[in-house]
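# Chain and residue survey
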Amino acid sequence: MPDAGSTKIVHGFYRYTDIWFEWNKALPRIEDGYALKAIISHDALVHPDNPLRLAGKPGIELTIGTLETGEARLLFSSAQVEYIRYWLHTMGLTRELIPLPYSECLLTASRLQNHSPVVYKTGSELRAAIKVIDKNNKKLKGTDSNLSARRNMFERIRSLWSEKRGVWCAVDFEAWDLDHRVITEFGWSTVRWVDGEAVEDTGHLVVAKHRHFTNHYVPENRRFYHYGESEDVTMGQMRERIHSMLESGLKDGPLFLVFHDNYQDLKYLRSPEIEAPLEGLSYFLPESCAEAAVCDPPKVYVVDTSELFAALEGDSGGQKRSLERVCRLLQIKWELTQHLHNAGNDAHCTQLALREMAGGDPLDMQRASRWPQHESSGNGVRVKFSKEEEDSDAMPTDDEDDITAGPYNPRTGKLRENWSERVDKLQQKLGGIAVEQDGNAGGANDQAAEKSAPSQGNQ
């Protein structure tokens, strides 16, 4: 028999369904099973007096994990399972400590692609979540590898964000649209977690000598920074500010660089004009902030909100949505997203999009609550947006005759695009229908008269 000091304690997770349906059946005393079922029932778990409730949480905190097969599972942590058996015995609800579930039921972190916390406030919410998870697992069968990778990345970022550690710095560059080598602006929006509290910093730098390079095809919005005062700087000063920001982030890290479609911004960071210190750049996210914090040398982790949104809407394709469209579909307030294509505004809206997704519910719950009744009717989880949701200036449906939404967009207060032309077209069509109906009515009366004339003559 192994010595007690050499026994290795293994931590992990148990499937919610195993604990709820099977654990009580394996107990030697039926009375113990009744006590266990009572304390872990849906309504009991969310009750404020439940021993598993954590201080400061509005409900019961469980875990969502993704198996190696890509299927999601609702989980209890092994610590929760251990605690509940000790609590039942201490309270005199069981004669002895009830045995743990079979060791084969334990899922170690290495057997999960990712795991992240989730809070349920009511018993009905918990019941519904179990059904949603089961439904989505069926829809996700046969999902291609690109979408699976995006979904795993989404949940990993949710888990990292929930730790409230490190530095999350959203950045954006703007360049002259006639020569993308000419950098005109740089913006940033940073969340630095200090003792679990978010400390924010934003800024907007304009290259003074490039002010005369005005855009021709992209909106010229460098004068409309909404989150402070823009600063005119030399290219050398911009370079120094960026280097200082990244070095400070690495010192207080882990450092997450947040982009919306990272390719072009990373190209600028690596350009001869900037030469940002990105030796530790990594597209592979850490298991936890704690793991990343002890990495030597420290790494800079890439987070891309365009990829996060693709995961959320269930898209596996390569066509990424614009920042403006992502913010609109996430229902970020319109007044916060004005004058995009200003580097400072773009960086801040990228940060807002990150918070919306990383700070929200698990992916499938979040998608269902954001866009109810928008799912594809067949297999898959791709969200089906209406024409108006896709384009704020569009009419509400594909039907050209539908003008029921009114002439003004309720979010922007602007006249809908091509409204007058569509009304004129509909009036012409309605006028043609009215003339045709009048003609048909006249013809019908003549036919009726012809049919009735012989009877009158016969009289």
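This part takes up the pairing of strand β6 (residues 183-194). On any regular strand, side chains alternate: one points to one face of the sheet, the next to the other face. Burial runs high along β6: 10 of the 12 residues are buried. Bridging between strand β5 (residues 167-175) and β6 involves 9 bridges; their strand directions are antiparallel. When the bridges of β6 are listed, V167 appears paired with R192. Pairing of β6 with strand β7 (residues 197-207) involves 10 bridges; the strand directions are antiparallel. The partner of W188 across the bridge, within β7, is G203. Counting the residues that bridge the hairpin from β6 to β7 gives 2 residues, and of these D195 lies at a positive phi of roughly 55 degrees.

Mean pLDDT for the chain: 84, with 82% of residues reaching 70 or above. Here residues 1-7 is a poorly scored stretch, pLDDT under 50, and it has 0 contacts once near neighbours within four places are set aside; other chains count.

Core analysis: the biggest nonpolar cluster contains 37 residues, and I157, W168, V303, L330 and L354 have the highest contact counts within it. Apart from the residues within four sequence positions on either side, L330 is in contact with F309, L312, A353, E356, M357, R370 and W371. In this structure, Y16, W23, I98 and A129 belong to the second largest nonpolar core, which totals 31 residues.

Taken in spatial order, the 7 strands make up an open sheet running β8-β7-β6-β5-β9-β11-β10, and their pairing is mixed. Each end of this open sheet is capped by a strand with a single partner; those strands are β8 (231-233) and β10 (281-282). Where helix α8 (residues 262-269) meets the sheet, its contacts fall on β5, β6, β9 (255-259), β10 and β11 (300-304), and the angle it forms with β5 comes to roughly 85 degrees. The sheet strands contacting helix α10 (residues 305-313) are β9 and β11, and the helix crosses β11 at an angle near 50 degrees.

Tracing the chain through its elements places T94 in the loop between α4 (78-90) and β4 (112-120). Only 3.0 Å separates the side chain of T94 from the backbone oxygen of E96, close enough to count as a polar contact. Not counting residues within four places of it along the chain, the set of residues in contact with T94 comprises D32, L88 and H89.

With that out of the way, let us pick up the pattern of salt bridges. On inspection of all chains with the given rule, the structure shows 28 salt bridges. The shortest N-O distance in the salt bridge between R150 and E307 comes to 2.7 Å. With R150 in helix α6 (residues 145-162) and E307 in helix α10, this residue pair connects regions lying 157 residues apart in the sequence. Through salt bridges with shared partners, a single network forms among R150, D261, E307 and K320.

A few words now on the packing of α6 against helix α12 (residues 343-358). Viewed as axis vectors pointing N to C, α6 and α12 meet at an angle of 95 degrees, and their least axial separation amounts to 9 Å. Our classification of the angle between α6 and α12 gives roughly perpendicular. Together, F154, I157, R158 and W161 of α6 and Q351, L354, R355, M357 and A358 of α12 make up the contact between the two elements. Residue classes in the contact of α6 with α12 are distributed as 6 nonpolar, 1 polar and 2 charged.

With that settled, the discussion passes to the pairing of strand β3 (residues 72-77). Within β3, 5 of the 6 residues are buried, which leaves the element mostly enclosed by the surrounding structure. Judged from the 3 bridges that link them, strand β1 (residues 13-15) and β3 form a sheet pairing that is antiparallel. Bridging from a neighbouring strand, Y14 pairs with F76 of β3. In this sheet, β3 lies alongside strand β2 (residues 60-67) in antiparallel orientation, the contact comprising 4 bridges. The residue bridging I64 from the neighbouring strand is L74, located in β3. Hairpin connection from β2 to β3: 4 residues lie between these consecutive antiparallel strands, with G70 at a positive phi of about 95 degrees.

Right, let's get into the sheet that holds β4. As summarised here, the arrangement of the 4 strands in space is β1-β3-β2-β4, forming an open sheet in which the pairing is antiparallel. Of all strands in the sheet, those bounded by a partner on one side alone are β1 and β4. Sheet twist, expressed as the mean angle between neighbouring strand axes with direction ignored, is 40 degrees. Against the sheet, α4 contacts β1, β2 and β3, and its axis sits at roughly 45 degrees relative to β3. Contacts from helix α5 (residues 123-139) reach β2, β3 and β4, with the element oriented near 140 degrees to β3.

With that out of the way, let us pick up the environment of Y225. Note that Y225 resides in the loop between β7 and β8. As for Y225 and A343, which are separated by 118 residues in sequence, their C-alpha atoms are 8.2 Å apart. If sequence neighbours within four positions are ignored, Y225 has contacts with T202, G203, H204, S230, N342, G344 and N345. Within the structure, Y225 has its side chain in polar contact with the side chain of T202 (distance 3.4 Å). Here G203 takes part through its backbone nitrogen, which lies 3.3 Å from a polar atom of the side chain of Y225.

Right, let's talk about the environment of W87 for a bit. When you line up the elements, W87 lands in helix α4. On the accessibility criterion, W87 (21% relative accessible area) is partly exposed. Along the chain, W87 and L52 lie 35 residues apart, while their C-alpha atoms are 9.6 Å from each other. Those residues in contact with W87 that lie beyond four places of it in its chain are I39, P51 and L93.

Our focus in this paragraph is the environment of E240. Within the secondary structure layout, E240 lies in helix α7 (residues 235-251). Judged by relative accessible area, which is 55%, E240 ranks as exposed.

In this section: the packing of aromatic side chains. Given two aromatic rings, their pairing is described by the distance between the two centres and the angle made by the two planes. Under the criterion given, the structure shown has 13 aromatic pairs. Seen from their ring centres, W168 and F256 are 4.0 Å apart, and the 15 degrees between their planes marks the pair as stacked. On the criterion of sequence distance, the pair formed by W168 in strand β5 and F256 in strand β9 is long-range, its members being 88 residues apart. The pair W168 / F256 is uniform in exposure class, with both members buried. Ring centres 5.4 Å apart and planes at 55 degrees place the aromatic pair F173 and Y268 in the tilted group. With F173 in strand β5 and Y268 in helix α8, this residue pair connects regions lying 95 residues apart in the sequence. On the basis of relative accessibility, which here comes to 7%, the residue Y268 falls in the buried class. Among the aromatic residues, ring-to-ring pairing joins W161, W168, W193, F256 and Y301 into one connected group. Over the face of the ring belonging to Y86 we find R85, whose NZ or CZ atom lies 5.4 Å from the ring centre.

Conventions and cut-offs
- Within every chain, residues take consecutive numbers counted from 1 along the sequence as written.
- In view of the model being predicted, local features appear only for residues whose pLDDT reaches at least 70, and side-chain atom pairs are presented and counted only at 80 or more, with totals across whole chains, interfaces and linings using the full set of residues.
- Hydrogens are left out, water is left out, and the side-chain values use all remaining heavy atoms of the structure.
- Working definition: with a 1.4 Å probe on protein chains only, accessible area under 20% of the residue-type maximum means buried, over 50% means exposed, and in between means partly exposed.
- For the purposes of this entry, the term helix denotes a DSSP run of H or I that reaches at least four residues, the term strand denotes a run of E that reaches at least two, and both are numbered from the N terminus.
- Here, strands pair whenever DSSP counts at least two bridges between them.
- Confidence of the predictor at the level of single residues is captured by pLDDT, which takes values from 0 to 100.
- In this description, contact between two residues means that some pair of their heavy atoms is separated by no more than 4.5 Å.
- Each nonpolar core is a collection of buried residues, namely Ala, Val, Leu, Ile, Met, Phe, Trp, Tyr and Cys, held together in the definition by side-chain atoms within 4.5 Å.
- Axes here refer to lines fitted to C-alpha atoms; in helices the fit is confined to the stretch in contact. Angles between the N-to-C directions go from 0 to 180 degrees.
- Whenever two N or O atoms come within 3.5 Å, that pair is a polar contact, provided that in protein one can donate a hydrogen and the other can accept it, and provided that, for residues adjacent in sequence, both atoms are side-chain atoms.
- In the sections that follow, a salt bridge refers to a side-chain nitrogen of Lys or Arg positioned within 4 Å of a carboxyl oxygen of Asp or Glu.
- Throughout, the term roughly parallel applies to angles under 35 degrees, roughly antiparallel to angles over 145, roughly perpendicular to angles from 65 to 115, and oblique to all others.
- Amino acid classes used here: Ala, Val, Leu, Ile, Met, Phe, Trp, Tyr, Cys and Pro are nonpolar; Asp, Glu, Lys and Arg are charged; the rest, including Gly, are polar.
- Any two rings among Phe, Tyr and Trp, with Trp reduced to its six-membered ring, count as a pair given centres within 6.5 Å; such a pair is stacked if its planes are under 30 degrees apart, edge-to-face if over 60, and tilted if neither.
- Note on geometry: a ring has a charge over it if NZ (lysine) or CZ (arginine) is within 6 Å of the ring centre and within 35 degrees of the ring normal.

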